[in-house]
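# Structural features, examined
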Amino acid sequence: WLDALRFDNLALRSLPVDASEEGGPRTVPGACFARVRPSPLQNPRLVAMSLPALALLGLQPPAADPAAEAEAALFFSGNRVPAGAEPAAHCYCGHQFGSFAGQLGDGAAMYLGEVLGPRGERWEMQLKGAGITPFSRQADGRKVLRSSIREFLCSEAMFHLGIPTTRAATCVTSDSTVLRDVFYDGNPKHERCTVVLRVASTFIRFGSFEIFKPPDEFTGRKGPSVNRNDIRIQMLDYVISTFYPEIQEAYSDNTIQRNAAFFKEITKRTARLVAEWQCVGFCHGVLNTDNMSIVGLTIDYGPFGFMDRYDPEHVCNGSDNTGRYAYNKQPEICKWNLGKLAEALVPELPLETSQLILEEEYDVEFEKHYLQKMRKKLGLIQLELEEDSKLVSELLETMHLTAGDFTNIFYLLSSFSVDIDPSKFEDFLEELTSQCASVEELKVVFKPQMDPRQLSMMMMLAQSNPQLFALIGTKANINKELERIEQFSKLQQLTADDLLSRNKRHWKEWLEKYRVRLQKEIESVGNADAWNTERVKVMNSNNPKYILRNYIAQNAIEAAENGDFSEVRNVLKLLEHPFQEAEGFQEVKEDAEEEGATATAAVCSQESRSRQSYCSKPPLWASELCVT
């Protein structure tokens, strides 16, 4: 069935490929790619495959066929290379956590080639975790089962949520192992080598254009292809003609205008992308310039996380100590990254031109798309009023005050109506507040993280030696710890009844504002019943019931690490139908919950894990999960 792959490797024909065949990590000057060979794995076997992603490539594996699974494992582990594939690793640089890091590149990923799909579209195939490349630096070019399952599931989850993303077609594990220190705490363990087949129109990113950067004034690092403007021109020609053909056609006789139109389009795509993230509570975790797609896709799923309890300052990456990539900072960070792309396009696009585009387009596009999406989430389908932005802000503030579950509260709002009778309103309020954190959950959230002596020393150091303090901490971190101590102290006096009463009061206040706004919708339509039917339909197709919460991924990972891949496959099926009204949803949901409970129970000693519904707010143990 893999004979259906039709390779046409345009990128390698259009961009310079390194002539050296020297193995191992090295600097790769004057090239966009270096040829590589995947390293074989012991006993590769299929964890899961995404049929919709494989269909992009024109592949239709026979159903429940062990031979087809074995063939997928053989070819998509890198143990055998398909005919027509030309494995290569892509060279790029990047600003990581705000500092230029020099040459990075595909240290664990390999371009296999480009395949023409059934409708003539072009898809790049990439193996992630297939072994050492010239860009592996001190690493081994491998990925492990836990991170691979997370990337595989989230890539497909994001697609089915309607968010632009790279895809994941297969996940293949093996008996080969590597040593990993999961929490960087000096306790490494052996983990199974695993490979994900990723699919996208291209994996070129902002950092691909930073290979020409001269020595950075702060880090001293430089790109491997300084002064090679000829390659920058080649890359712009390739990217624009291949992925933005309408721009190439419109400005074929003026490259500056063409490049400006391209930069304007990627600015707007990026703004819309991050607006989509904010509306589902998705945190990327590592928004470096090398993790930003040149065609506006979500790319490189590492320590990502869907926000559970609404917290605008939520940080999903356990190693992001300063909170640079916190949920509420994602829009401004993506804009900052676009600024670095603008610098990388000079002289082919003057900086004053690109900076003007960025200032004029980004914020406007983000706000417009964000508000459009939020109106749909709230069922405001008839009128667009200036007050809507305030209503959204007040909703989020209420969620924050009550520690509400971001996904579940939005999902519940479709069952609220203007003329809801008092008894049903109390039931609705009860259901809404059940999605807010309990006193026990809040105590976990606000538990102080520093030893009191450490905190005291840090505060003294901040006063006496600010330079030294700047090396080991930030005032924001100290203030956050002081806030935790204050909140934790208040929680000791708070009863469950007091918390419930307070939460109900907050929600009543907001729901009254929401009711008034919905009433304005009704007054502007002729048929209130038809409007309400459409409102619920729009809300249910914009507010997911199922997202890839960390605890769901963790249960699937633990089962897989014990040799049971059924939970990964169940979760994949579930995430293909994140909205309630999706076709075949009920059957998928019931199958997944029944099988999932069995698989999870087999590997989890805690009874509560096996009973957890996929749409529940996270159990208490989930707060201890740390993703780095």
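Residues numbered from 1 in each chain as written. Predicted model: local features only at pLDDT ≥ 70, side-chain atom pairs only at ≥ 80, totals over all residues. Heavy atoms only, no water.

## Some points on the overall build of the chain
Summing up its helical and strand segments, the chain has 22 helices and 13 strands in all. For the chain, whose C-alpha radius of gyration is 25 Å, the value lies close to the compact-globule estimate of 25 Å for 628 residues. Projected onto its principal axes, the C-alpha positions of the chain cover 75 × 65 × 60 Å. When each of the 628 residues of the chain is scored for burial, the buried share is 54%. Considering only contacts in the chain between residues 6 or more positions apart, those separated by 24 or more positions represent 73%. For the chain, the computed accessible surface area is about 27100 Å², with 50% contributed by carbon and sulfur atoms. In the chain, which carries 68 positive and 88 negative side-chain charges, the distance between the mean positions of the two groups comes to 3 Å. (Helix = DSSP H or I, 4+ residues; strand = E, 2+ residues; numbered from the N terminus. Rg over C-alpha atoms; globule rule 2.2 N^0.38 Å. Buried < 20%, exposed > 50% of the residue type's maximum accessible area, 1.4 Å probe, protein only. Contact = heavy atoms within 4.5 Å. Areas by Shrake-Rupley, 256 points an atom, 1.4 Å probe, with all protein chains shown as cover. Lys, Arg positive; Asp, Glu negative; His and termini not counted. Charge placed at Lys NZ, Arg CZ, Asp CG, Glu CD.)

## Description of the packing of aromatic side chains
By the definition in use, this model includes 19 aromatic pairs. Here the aromatic rings of Tyr 238 and Phe 243 are separated by 5.6 Å at their centres, their planes lie at 90 degrees, and the arrangement is edge-to-face. Take Tyr 238: its relative accessible area is 4%, and that puts it in the buried class. Aromatic side chains Trp 510 and Tyr 514 sit 4.9 Å apart centroid to centroid with 20 degrees between the ring planes, which places their arrangement in the stacked category. Here Trp 510 and its partner Tyr 514 are both found in helix 17 (residues 496–523), four residues apart, which amounts to about one turn of the helix. Trp 510 sits in the buried class, given a relative accessible area of 2%. In this structure an aromatic cluster arises from ring pairing among Phe 416, Phe 425, Phe 428, Trp 507, Trp 510 and Tyr 514. Cation over ring: Arg 150 sits above Phe 304, and NZ or CZ is 4.1 Å from the ring centre. The positively charged end of Lys 377 is found above the aromatic ring belonging to Phe 410, 4.4 Å away from the centroid. (Phe/Tyr/Trp six-rings, centres within 6.5 Å; stacked < 30°, edge-to-face > 60°. Lys NZ or Arg CZ within 6 Å of the ring centre and 35° of its normal.)

## A look at the state of the cysteines
What the rule picks out here adds up to zero disulfides. Sulfur of Cys 193: no disulfide; nearest cysteine sulfur belongs to Cys 171 and is 12 Å away. Not engaged in a disulfide, the cysteine Cys 316 finds its nearest cysteine sulfur in Cys 283; these two sulfurs lie 4.8 Å apart. Of the residues examined, Cys 316 reaches a relative accessible area of 10% and is grouped as buried. (Disulfide = S-S within 2.5 Å.)

## Notes on the pattern of salt bridges
A complete count under the given rule lists 44 salt bridges for this structure. Here Asp 175 ties to Arg 45 by a salt bridge, and the two come within 3.0 Å at their closest N and O atoms. With Asp 175 in strand 10 (residues 167–180) and Arg 45 in strand 3 (residues 45–49), the pair connects residues that are 130 residues apart, well separated along the chain. Overall, the relative accessible area of 33% leaves Asp 175 in the partly exposed class. Here Arg 146 makes a salt bridge to Glu 191, at a shortest N to O gap of 2.7 Å. (Salt bridge = Lys/Arg side-chain N within 4 Å of Asp/Glu carboxyl O.)

## Observations concerning the pairing of strand 11 (residues 189–200)
Side-chain positions along a regular strand alternate between the two faces of the sheet. Burial analysis of strand 11 places nine of its 12 residues in the buried class, which makes it a mostly covered element. In this structure, strand 8 (residues 122–128) lies alongside strand 11, joined through five bridges in antiparallel fashion. Residue Leu 127 lies in a different strand from strand 11, and its bridge partner there is Leu 197. With two bridges connecting them, strand 9 (residues 143–144) and strand 11 associate as antiparallel partners. Residue pairing for strand 11: Val 144 is matched across the bridge by Cys 193. (Pairing = 2+ DSSP bridges.)

## Observations regarding helix 8 (residues 330–345)
The terminal C-alpha atoms of helix 8, which comprises 16 residues, lie 23 Å apart, in line with the 22 Å expected from a rise of 1.5 Å per residue. Of all 16 residues in helix 8, 13 are buried, a share of seventy percent or more. (Expected span 1.5 Å × (residues − 1).)

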